[in-house]
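Given next are the chains, with one letter for each unit.
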Amino acid sequence: MTTVAVLADIGHGAHHVGDDAIAMATHDLLVSRGITPVMLSHNEDDSRRLLPDAQFYTTPIFSFNPRARRQMYHQTKTEPNSGLCRLVEPLLDRVDGVVIAGGGSLNSYYGWLAFERAFLAQQAWARQLPVVISGHSFGPLILDEDVGIFADLARATTVAGFRGPISVQRAREYGFASALQTCDDVITMATGKAQVGESFISACFAEPEYTDMRGAVVCQYAAVLDYLAQKLGAFVKLTPHMANPATGDRDLAFHREIANACSAQCQVEPLVDPLETMRSLDGAVLTVTSRFHQAVFSFTNQIPLLPLSFTPYGTARMGDLLENYGFAAAWTLPLVALQGANLAWMLDDFLDSLPAQTQQLGRSAPTVLAHHGAWWDGIAQGFEDGSFAGISPLSSADLLAPPTAFTQVADLSNSYLQLVDEKISRDLQNSAQWKEIAELAPLAERASSLSVELAQLNARKVVRVADFAGDVARRAKRLFS
């Protein structure tokens, strides 16, 4: 029987519904096609809660410190008999290939995962084993110091499948010349079109990147949920995706803060396994989330979605998902756009678009699911006979335009998000000192330009955009203070 090593992102202590779901889905997709998966984990005992009957193998952990992990990786290339290489040797000597499953994506935000994946791919390539990447996002942040490992990964990869056209385009810029468009692998957990039951909004939010913004972000999320709950006559269920259940941290703590700030009726749900999380959406009239896999669960079950983002990474991932299902990437709304008087304008336009979104999901969801089955049939056949020629990419159809209000502030919102990414990038590079940022100058110019472009709109909207521009500038200054 064909045996394949699967590298996902499991066994790291905290429970992460999205990463756990990817591991579970990949395991079951292979088993259902007659292939035996060996699941790589950082902690086998912890991972057995997900897959009690699976085979496991302990995978090396690359350092969170950028300099240390680069040194670790360099050693594996210059010293083939180093400890890390010897650690995976028994595994690779008994498998017929490697699947690098999603989770954390391929970028410098989660550099330790990218190095871990490039290392395993290099070791497999040296043994002439096929390496398949499935269901990853790529970028948008790739540090100059990390470019080489993505080139190594591209060279060692037999099939590179990325979960949307935005990632495919970026991956090709970094050496993945034959990158193919596919979708996220957790859609195999689809329960079908969600049943209508209680009238509630399903919500799930990640904490902001910087703690000094936490209070403001809590208030913004609460304002969004209150407005939507009032308009839809619904209550709110806050469903966590990442936390340590023993300590109640991450999403659990953040969701309690949001619920306390809301006027609407809110239920803070416990952290449960991926299948239960998927089922928890039954009856939802709408999903509002900054968490990628909550958005995937929503679209998989044909539930309308308001995707929010706080960083370019969040925007890119949501954009991949949206375009796979036939929506323009600009349906993702940066949280910074939902400020003050702007909130009602944005959300009213969004609510008016819900019938069109529901119709589009009804058309696209079955097509995406059918592609996913064929994708994995092709992968399984490739591991069996060595030919992956039968794999076909997902193709995006004509894209449904976003609500008009979203497009009016898109440029300014994205300019702010780029500032967030610049700060993350500099932090990752351990910049010691910050200067007065020159980036605020083009941001101010863009705000001025946007006001001119919108001069033909009615007075109410012009005032709101002008207020929004000022809010963005103030927020950007706080970010870099």
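*Asks:* Account for the pattern of salt bridges, with residues named and values stated.
*Replies:* Between side chains of opposite charge, pairing is possible as soon as their charged atoms come close. This structure, assessed with the given rule, holds 14 salt bridges. Residue Arg214 pairs with Glu207 through a salt bridge whose shortest N-O separation is 2.7 Å. Its relative accessible area of 31% is what places Glu207 among the partly exposed residues. One salt bridge in this structure joins Arg291 and Asp251, with 2.8 Å as the shortest N-O distance. Residue Arg291 is found in the loop between β13 (284-289) and α11 (292-300), and its partner Asp251 is found in helix α9 (residues 250-261); the two are separated by 40 residues along the sequence.

*Asks:* Could you give an account of the packing of helix α7 (residues 165-173) against helix α12 (residues 312-324), naming the residues involved and the relevant values?
*Replies:* One way to put it is that α7 packs onto α12 with a least axis distance of 7 Å and a crossing angle of 120 degrees. Judged by the angle between their axes, α7 and α12 are oblique. Contacts between α7 and α12 involve Pro165, Ile166, Ser167 and Arg170 from the former and Ala316, Gly319, Asp320, Glu323 and Asn324 from the latter. Classifying every residue of the contact of α7 with α12 gives three nonpolar, three polar and three charged.

*Asks:* For the packing of helix α8 (residues 214-232) against α9, give the residues involved together with the corresponding values.
*Replies:* With their axes 8 Å apart at the nearest point, α8 and α9 run at an angle of 60 degrees to one another. The angle between α8 and α9 falls in the class oblique. The element α8 and its partner α9 pack so that their crossing is right-handed. Across the interface between the two elements, Arg214, Val217, Val218, Tyr221, Ala222, Leu225 and Asp226 from α8 touch Ala253, Phe254, Glu257, Ile258 and Ala261 from α9.

*Asks:* I'd like a rundown of helix α3 (residues 66-78), residues and numbers included.
*Replies:* With 13 residues, α3 ought to run about 18 Å at 1.5 Å a step, and its terminal C-alpha atoms sit 19 Å apart, in line with that. Along α3, the residues that are buried comprise Pro66, Arg69, Tyr73 and Thr76. What you see down the axis of α3 is that its buried residues fit within an arc of 90 degrees, all on one side. For α3, the exposed residues lying more than 90 degrees away from the buried face are Arg67, Gln71 and His74. Elements in contact with the buried residues of α3: α4 (83-92), α5 (111-126), α6 (147-156) and α16 (410-428). At the N-terminal boundary of α3, the capping side chain belongs to Asn65, with an oxygen 3.0 Å from the backbone nitrogen of Arg67.

*Asks:* Break down the nonpolar core for me, with residues and values.
*Replies:* Core analysis: the largest hydrophobic core is formed by 108 residues, its most contacted members being Phe205, Leu225, Leu228, Val288, Leu306, Leu308 and Tyr325. Discounting chain neighbours no more than four positions away, the residues touching Tyr325 are Ile187, Phe299, Thr300, Gln360, Leu361, Ser364, Ala365 and Val368. Of all hydrophobic cores here, the second largest spans 39 residues; its members include Leu91, Leu106, Leu120 and Phe162.

*Asks:* A description of the sheet that holds strand β5 (residues 97-100) should follow, citing residues and the corresponding values.
*Replies:* Judged by pairing direction, the sheet is parallel, and its seven strands sit side by side in the order β4-β3-β1-β5-β6-β7-β8 without closing on themselves. Each edge of the sheet is formed by a strand with only one pairing partner; in this case those strands are β4 (55-58) and β8 (180-181). With two bridges joining them, strand β7 (residues 159-162) and β8 adopt parallel strand pairing. By the bridge assignment for β8, Gly161 is matched with Leu180.

Calculation rules
- Residues numbered from 1 in each chain as written.
- Predicted model: local features only at pLDDT ≥ 70, side-chain atom pairs only at ≥ 80, totals over all residues.
- Heavy atoms only, no water.
- Salt bridge = Lys/Arg side-chain N within 4 Å of Asp/Glu carboxyl O.
- Buried < 20%, exposed > 50% of the residue type's maximum accessible area, 1.4 Å probe, protein only.
- Helix = DSSP H or I, 4+ residues; strand = E, 2+ residues; numbered from the N terminus.
- Axes fitted to C-alpha atoms, helices over the stretch in contact; angles between N-to-C directions.
- Parallel < 35°, antiparallel > 145°, perpendicular 65-115°, else oblique.
- Contact = heavy atoms within 4.5 Å.
- Nonpolar A, V, L, I, M, F, W, Y, C, P; charged D, E, K, R; others polar.
- Left-handed = near helix turned anticlockwise from the far one by under 90°.
- Expected span 1.5 Å × (residues − 1).
- Arc of directions from axis to C-beta.
- Polar contact = N/O pair within 3.5 Å; in protein donor to acceptor, adjacent residues only side chain to side chain.
- Core = buried A, V, L, I, M, F, W, Y, C linked by side-chain atoms within 4.5 Å.
- Pairing = 2+ DSSP bridges.

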